[in-house]
Amino acid sequence: MRKGILSLTALSAAAVLTLAACGDDSGGAEGSKAGKIGVILPDTKSSVRYESFDRPYLEQAFKAAGVQYDIQNAEGSTQRFQTIADQMITGGVTVLVVDGIDSNSAAAVQRKAQQQGVKTIDYDRLTLGGVGDYYVSFDNTKVGEELGKGLQKCLGDKNANIAYLNGAPTDNNATLFAQGAHSVLDKVTTYKKVAEQAVPDWDNQKAATIFEQMWTQQGGKIDGVLAANDGVGNSAISILKKNGEAGKVPVTGQDATLQGLQNILDGTQCMTVYKPVKQEADAAAKLALAVLKGQKAETTGTVNDPQGKRDVPSVLLDPVPVSKENIKRVVDDGFVKKDELCAGAYAAKCQDAGIQ
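Residues numbered from 1 in each chain as written. Predicted model: local features only at pLDDT ≥ 70, side-chain atom pairs only at ≥ 80, totals over all residues. Heavy atoms only, no water.

By the naming in an unreviewed UniProt entry, the chain goes by Sugar ABC transporter substrate-binding protein and is assigned to Actinomadura rugatobispora. UniProt lists a comment for the chain under the heading Subcellular location (unreviewed entry), and it reads "Cell envelope". (UniProt positions renumbered as here; feature names shortened; annotations may be inferred.)

Pasting the structure below:
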């Protein structure tokens, strides 16, 4: 599969319909040609990225193109997700971009949209068993591989007991993260998996409870934690702090959140995986705009949906592993503000990491 990075370029102003936008967030100028893009984001719990980055980047792209759009967040509720979709379809959306909470509810929305002649694009998460026309995401197996490589780099080749804190079992990305991580770590003969559990709904409090149980069951004999994102990783770190082991047991993460990056500066988290969300949002916007205008959408390959037994035309982007050595990249990209990352006690730590 060929991988690449799409950027939002040469977007001409597109004509839009005069239908009133439904929901709580819409925009765009009026025009003579019908068309409207709807976006449903999944929640605000699994990651801060959706409201902090995805929404504003998508808004910026659609405003630059002069199209009408409606962006809403389901707040972790599948019922709200379906209600929003119904409102958008009734309100005249002709292209629907969905980041499903789970595949069942997202697939139901896609089938309903298809019946109404609405094209759908899976954003960030592939809807298993769905009928989406396109898929835009990072290469999530590669994300997991980077997690595994990062933990291996932090542990070295010494004998090590590893605990896995995976993401939500309903999230296909979490499955791919785990597969990618295992493909790296299972080959290291000095490593032993002593515990592995999925964290329901990516809930950080549940993650802390799960890891504390792992720690107790193993008598504290855990040498590394493969945590699927920064929130889950921070939960593990909180238990390690409680037991006086923070900074001694390497913990991974993902999403390059402010908390995760500060944990890296503190030395309590060994790495994270940075997914430049702007690239993903721009790629999704470019696809959505092409579909809206009836043009052929450019993709970089396909991703197999084993449940739906089909290959979905896709745009896959490359993730970036981040440790203290290259943490400056995230600041340089504007993903995290220097003033926030380097506040207070972190000022000196930022200087040590090359962030001036």
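The discussion continues.
**Q** I'd like to hear about helix 8 (residues 258-266), residue by residue, with values.
**A** Those residues of helix 8 that sit buried are G260, L261, Q262, N263, I264 and L265. Following helix 8 by one or two positions, G267 adopts a phi angle in the positive range, close to 90 degrees. (Buried < 20%, exposed > 50% of the residue type's maximum accessible area, 1.4 Å probe, protein only. Helix = DSSP H or I, 4+ residues; strand = E, 2+ residues; numbered from the N terminus.)

**Q** Give me the lowdown on the UniProt feature "domain: Periplasmic binding protein" (unreviewed entry) in the chain, citing residues and values where you can.
**A** Within this numbering scheme, the UniProt entry marks residues 37-296 as carrying the feature "domain: Periplasmic binding protein" (unreviewed entry). Between the end C-alpha atoms of residues 37-296 there is a gap of 17 Å, over a span that is 48% helix and 18% strand.

**Q** How would you explain the nonpolar core if you had to name every residue and give the values?
**A** In this structure, I37, F62, L261 and L341 are the most contacted members of the largest nonpolar core, which totals 52 residues. Looking at this core, the element that brings in the most residues is helix 9 (residues 277-292), giving 11 residues. With sequence-adjacent residues up to four places away left out, F62 is seen in contact with I37, V39, V67, Y69, I71, A285 and A288. In this structure, L147, A207, I222 and L226 belong to the second largest nonpolar core, which totals 42 residues. (Core = buried A, V, L, I, M, F, W, Y, C linked by side-chain atoms within 4.5 Å. Contact = heavy atoms within 4.5 Å.)

**Q** Hey, could you go over empty space enclosed by the protein for me, with residue numbers and the actual values?
**A** Applying the stated rule across the entire model yields 2 cavities of 30 Å³ or more. Together, 14 residues line the largest cavity, and Y50, D124, R125, D255 and K275 are the ones closest to its centre. Secondary structure elements with two or more residues in the lining of the largest cavity: helix 1 (49-65) and helix 5 (172-185). Reported here for the second largest cavity is a volume of approximately 50 Å³. Lining the second largest cavity, in full, are G100, I101, D102, S103, R125, L126, T127, T170, D171 and N172. Its residues assigned to classes, the lining of the second largest cavity shows 2 nonpolar, 5 polar and 3 charged. (1 Å grid on protein atoms, 1.4 Å probe; cavity = no way out; pocket = protein on both sides within 12 Å on 5 of 7 lines; lining within 4 Å. Points joined across faces, edges and corners; volume = space filled by probe spheres on them. Nonpolar A, V, L, I, M, F, W, Y, C, P; charged D, E, K, R; others polar.)

**Q** Tell me what's going on with helix 3 (residues 103-115), and back it up with residues and numbers.
**A** Over its 13 residues, helix 3 runs 18 Å from end to end, which matches the ideal 18 Å to within 8%, given 1.5 Å per residue. Turning to helix 3, its buried residues are S103, S105, A106, A107, V109, Q110 and A113. Next to the buried residues of helix 3 lie helix 2 (78-90), strand 4 (95-98) and strand 5 (119-123). Between a side-chain oxygen at the N-terminus of helix 3 and the backbone nitrogen of N104 the separation is 3.2 Å; the capping residue is D102. At the C-terminal side of helix 3, G117 shows a positive phi close to 75 degrees. (Expected span 1.5 Å × (residues − 1). Polar contact = N/O pair within 3.5 Å; in protein donor to acceptor, adjacent residues only side chain to side chain.)

**Q** Report on the environment of P169, specifying residues and quantitative values.
**A** Inspection of the secondary structure puts P169 in the loop between strand 7 (160-166) and helix 5. When its relative accessible area of 58% is taken as the criterion, P169 is described as exposed. C-alpha separation for the pair P169 and T189, spaced 20 residues apart in sequence, amounts to 27 Å. Each residue touching P169, except ones within four places of it in the same chain, is listed here: A198, V199 and P200.

**Q** Account for the packing of aromatic side chains, with residues named and values stated.
**A** Considering all chains together, one arrives at 6 aromatic pairs under this definition. With centroids separated by 6.4 Å and ring planes inclined at 65 degrees, the aromatic side chains of F177 and W202 adopt a geometry described as edge-to-face. Remark: W202 occurs in the loop between strand 8 (191-198) and helix 6 (204-217) and F177 occurs in helix 5; sequence separation between them is 25 residues. Neither F177 nor W202 differs from the other in exposure class; each is buried. A connected cluster of aromatic rings, assembled from ring pairs, spans F53, Y57, Y274 and F335. (Phe/Tyr/Trp six-rings, centres within 6.5 Å; stacked < 30°, edge-to-face > 60°.)

**Q** How would you explain the sheet that holds strand 8 if you had to name every residue and give the values?
**A** Sheet architecture is open: 3 strands sit in the order 8-7-9, paired in parallel fashion. The open sheet has two edge strands with one neighbour each: strand 8 and strand 9 (224-227). Looking at each pair of strands side by side, their axes are set apart by 20 degrees on average, direction ignored. In the packing of helix 4 (residues 140-155) onto the sheet, contacts are made with strand 7, strand 8 and strand 9, and the angle to strand 9 comes to roughly 165 degrees. (Pairing = 2+ DSSP bridges. Axes fitted to C-alpha atoms, helices over the stretch in contact; angles between N-to-C directions.)

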